[in-house]
Amino acid sequence: MIDTLEEAIELAEKALGGDPSPWQSPDRRKLSRYVTRLEHEQAAEERGETGEIVDQLHRFAELLTDLEMREASLTVVRASIRRLERATAYEERTIAERWNQAGVLLADHGELDEGRMALWYALTCARREADQDLQVRAMVNLSAVALAQDDTTSARRWIRDASELPRETADLEREVLIASLRMAIAVRGNTALEPALRELEKVSKRFVNAYGADHPQSLVVRASMAVARYEVADAFGDRVRAGKAIDELELATQFLSATLGAHHPQSLTALANLSDIEYREARAHGTTERQRGALDLLGFASQHSSASLGGGHPQSLIALNNLRGARKEFASLVSDHEHIDRTYRPHENDLRNRAKKAALENEGERVRLIAHAGASFFLNSLQRFLPSVIQALENKVRFFVIISNPWNSIGLFADEDGADPDQVIARIESSRYYREAFRPVIAAYETLQEQYPGQIEFRVTSLDIPGTTLLTSSVGFYEPYMLADPEGRTGHGLLTFEIEFDQHSLYYAIGERSFTRLWKGSSSVEQFREHEEHYKRNLRDLLSIPRAS
């Protein structure tokens, strides 16, 4: 067990340096448990100066982000906020910089309102501490957050105020950010584009000369410059300059991905900008080939953003909306087979769960579910989807659920040693799956049926179920099973992968057809109970047939 924050940081650094993939590290579970204790303030209170503790929390949060544990990272940032709030209440000094860092981390997580509030605290503390450099940094960050929220007026005001304050120290990175924000504001207003571009080019050249062309931040600057040059060229209808800018951005994106990693936030930002520009070009001037290329790039950007930043992050939502818009606009080029919005891998289990919870909670009509046991949806002990199911039931949503009959042919997996059929039946009855999943789920269904009469109906199928299918009115999910053994199909997180698709996808149509056919051929819970002994006899007969060893 992790006892201290220093131990947590050390373990996270070890996991990050692991081989072959940090997200496969067995230490992730230890880190998750520590974060849970930290969230509920069960971890030991760290002793020491507030600034040092907050710095450690922010370092830990950054490491968790690098480990693609973004939800845990956000929890740690919020723990630092609680510490800073206590310090602010007692008027401790030297915390303005920590408020600024917390605000930046929150904004990076897509929590723009919380980030803006933390940055406002940073500015307030910096004024109290008469720290002019920090005041400038906080104002610049406030401008960036305002721009991300489409509040161009506030963004312009914060940049103006920051520019009017005298700088105590030179900071080229800050100057590049100020020039980049001015450029973005000019693009939004479609005014003073060329002066803004000249300013950005001037300060970017100074930065690259100072740090070197291969410095990671120089690559970020190159990507920003390419976007700015494209915007100016596009505004003036200069297709030659626009094409050159796109080539520069593509090259910078490739270098960023190779240098920082494909899932680094700066790499993702460059990729998002490139996919957005390619989409705009394909709409306005594109050939069929370019439109198809733009679709592929938008899909790639959406997948990477959702996997790394989370499906609810503003950048992920923009990427997904662009992808869906492009699919509608270029409908003649889109095969139904390509209508996959996201693919979740095992280390993205939390992201997958959030997406399914949101789908359930946003539903207003009906939900259809095919699952081996359905434990994650109907058992409170697993702490997964039951609260979202209940919320949907409260909203008058109807549920139609198909689960697997425990006495179908998969019962053969309980016969590992050629045992007597009666022994195999007894093994299934005492199995974790039957005792802790199937029977409790049936009991939970009957309780919900009493509480929400006419809103939920279960059926039991004697056919083997190859994967979990969840269909709402607008979205679907499918997770294939690679384990035929029923003991390996329940009580754990994502083992294979799961795809998410919208109602226009071929996969949604396949899911609907499968559900309809399976529903018609399945038994009600009452019928299952009435004929359960018959199902057991059928399995005994199957077990009695000689099989190759």
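Not measured: the values here are computed from a predicted model.

Attention now moves to the overall build of the protein chain. When its secondary structure is counted, the protein chain shows 22 helices and eight strands. The burial tally for the protein chain puts 50% of its 549 residues in the buried class. The contacts in the protein chain between residues at least 6 apart in sequence include a share of 69% that link residues at least 24 apart. Only carbon and sulfur atoms are counted for the fraction: they give 49% of the accessible area of the protein chain, which is about 26,500 Å².

In this model, helix H8 (residues 152-164) (13 residues) spans 18 Å end to end at C-alpha, consistent with the 18 Å of a helix rising 1.5 Å per residue. Taken as a whole, H8 has its buried residues at Thr152, Ser154, Ala155, Trp158, Ile159 and Ala162. One face of H8 carries all of its buried residues, which in axial projection span an arc of 165 degrees. Opposite the buried face of H8, at more than 90 degrees from it, the exposed residues are Thr153 and Glu164. In this structure, the buried residues of H8 make contact with helix H6 (112-128), helix H7 (132-148) and helix H9 (172-189).

By the definition in use, this model includes 16 aromatic pairs. Taking the centre distance of 5.9 Å and the plane angle of 45 degrees together, the rings of Phe501 and Tyr507 count as tilted. Judged by its relative accessible area of 25%, Tyr507 falls in the partly exposed class. An aromatic cluster is defined as three or more aromatic residues linked by ring pairs; in this entry it consists of Trp407, Tyr433, Tyr434, Phe438, Phe528 and Tyr535. The ring centre of Trp158 lies 5.2 Å from the NZ or CZ of Arg157, which sits over that ring. One Lys or Arg, Arg283, reaches over the ring of Tyr279 and ends 5.2 Å from the middle of that ring.

All right, on to the environment of Gly286 then. If you trace the backbone, Gly286 turns up in the loop between helix H13 (265-285) and helix H14 (288-309). Given the relative accessible area of 23%, Gly286 is considered partly exposed. Gly286 has contacts with Glu281 and Gln291, leaving out every residue within four places of it along the chain.

If you trace the eight strands from one edge of the open sheet to the other, you get E1-E7-E6-E5-E2-E3-E4-E8, paired in mixed fashion. What marks the edges here is a single partner per strand, and that holds for strand E1 (342-344) and strand E8 (523-524). Both E1 and strand E7 (residues 498-502) contribute to a ladder of three bridges, which runs antiparallel. Paired with Thr343 across the bridge in E7 is Ile499.

Time to look at the pattern of salt bridges. Tallying each qualifying case throughout the model produces 33 salt bridges. With its nearest N and O atoms 3.1 Å apart, the salt bridge here joins Glu201 to Arg229. Here Glu201 is found in helix H10 (residues 193-211), whereas its partner Arg229 is found in helix H11 (residues 216-235), with 28 residues between them in sequence. By relative accessible area, Glu201 is classed as partly exposed at 29%. With a closest N to O distance of 3.2 Å, Arg239 and Asp234 form a salt bridge. Put simply, Glu231, Asp234, Arg239, Asp276, Arg280 and Glu281 are held in one network by salt bridges that share partners.

Below, the discussion takes up a nonpolar patch on the surface. A surface patch of nonpolar side chains, about 310 Å² in accessible area, is lined by Met117, Trp120 and Tyr121. Of note, Met117 is situated in helix H6. Residue class for Met117 comes out partly exposed when judged on its relative accessible area of 46%.

Residue Ala130 is not a glycine yet carries a positive backbone phi of 55 degrees. With respect to the helices, strands and loops of the structure, Ala130 is situated in the loop between H6 and H7. Residue classification places Ala130 among the exposed residues on the basis of a relative accessible area of 56%. One non-glycine residue, Asp150, lies in positive phi territory at about 60 degrees.

Here the focus is the environment of Val227. With respect to the helices and strands, the residue Val227 is situated in helix H11. Residues Val227 and Asn273, spaced 46 residues apart in sequence, show a C-alpha to C-alpha distance of 7.3 Å. Apart from residues no more than four positions distant in its own chain, Val227 is found in contact with Leu249 and Asn273.

Turning our eyes to something else, we now look at the packing of H7 against H9. For the pair H7 and H9, the least separation of the axes is 10 Å and the interaxial angle reads 30 degrees. With respect to H9, the axis of H7 lies roughly parallel. Of the two possible hands of crossing, H7 and H9 adopt the one that is left-handed. Between H7 and H9, the residues in contact are Asp133, Val136, Arg137, Val140, Asn141, Ser143, Ala144 and Leu147 and Arg174, Leu177, Ile178, Leu181, Ala184, Ile185 and Arg188, respectively.

Running from N to C, helix H5 (residues 96-108) and H6 cross one another at 165 degrees; their axes reach a closest spacing of 7 Å. If you check the angle between H5 and H6, you find them roughly antiparallel. When you trace H5 past H6, the crossing you get is left-handed. Between H5 and H6, the residues in contact are Ala96, Trp99, Asn100, Ala102, Gly103, Val104, Leu106 and Ala107 and Leu112, Glu114, Gly115, Ala118, Leu119, Tyr121, Ala122, Cys125 and Ala126, respectively. Grouping the constituent residues of the contact of H5 with H6 by class yields 13 nonpolar, three polar and one charged.

Parameters and conventions
- Residues numbered from 1 in each chain as written.
- Predicted model: local features only at pLDDT ≥ 70, side-chain atom pairs only at ≥ 80, totals over all residues.
- Heavy atoms only, no water.
- Helix = DSSP H or I, 4+ residues; strand = E, 2+ residues; numbered from the N terminus.
- Buried < 20%, exposed > 50% of the residue type's maximum accessible area, 1.4 Å probe, protein only.
- Contact = heavy atoms within 4.5 Å.
- Areas by Shrake-Rupley, 256 points an atom, 1.4 Å probe, with all protein chains shown as cover.
- Expected span 1.5 Å × (residues − 1).
- Arc of directions from axis to C-beta.
- Phe/Tyr/Trp six-rings, centres within 6.5 Å; stacked < 30°, edge-to-face > 60°.
- Lys NZ or Arg CZ within 6 Å of the ring centre and 35° of its normal.
- Pairing = 2+ DSSP bridges.
- Salt bridge = Lys/Arg side-chain N within 4 Å of Asp/Glu carboxyl O.
- Patch = residues over 30% accessible without salt bridge, like charges linked within 9 Å, V, L, I, M, F, W, Y side chains within 5 Å.
- Axes fitted to C-alpha atoms, helices over the stretch in contact; angles between N-to-C directions.
- Parallel < 35°, antiparallel > 145°, perpendicular 65-115°, else oblique.
- Left-handed = near helix turned anticlockwise from the far one by under 90°.
- Nonpolar A, V, L, I, M, F, W, Y, C, P; charged D, E, K, R; others polar.

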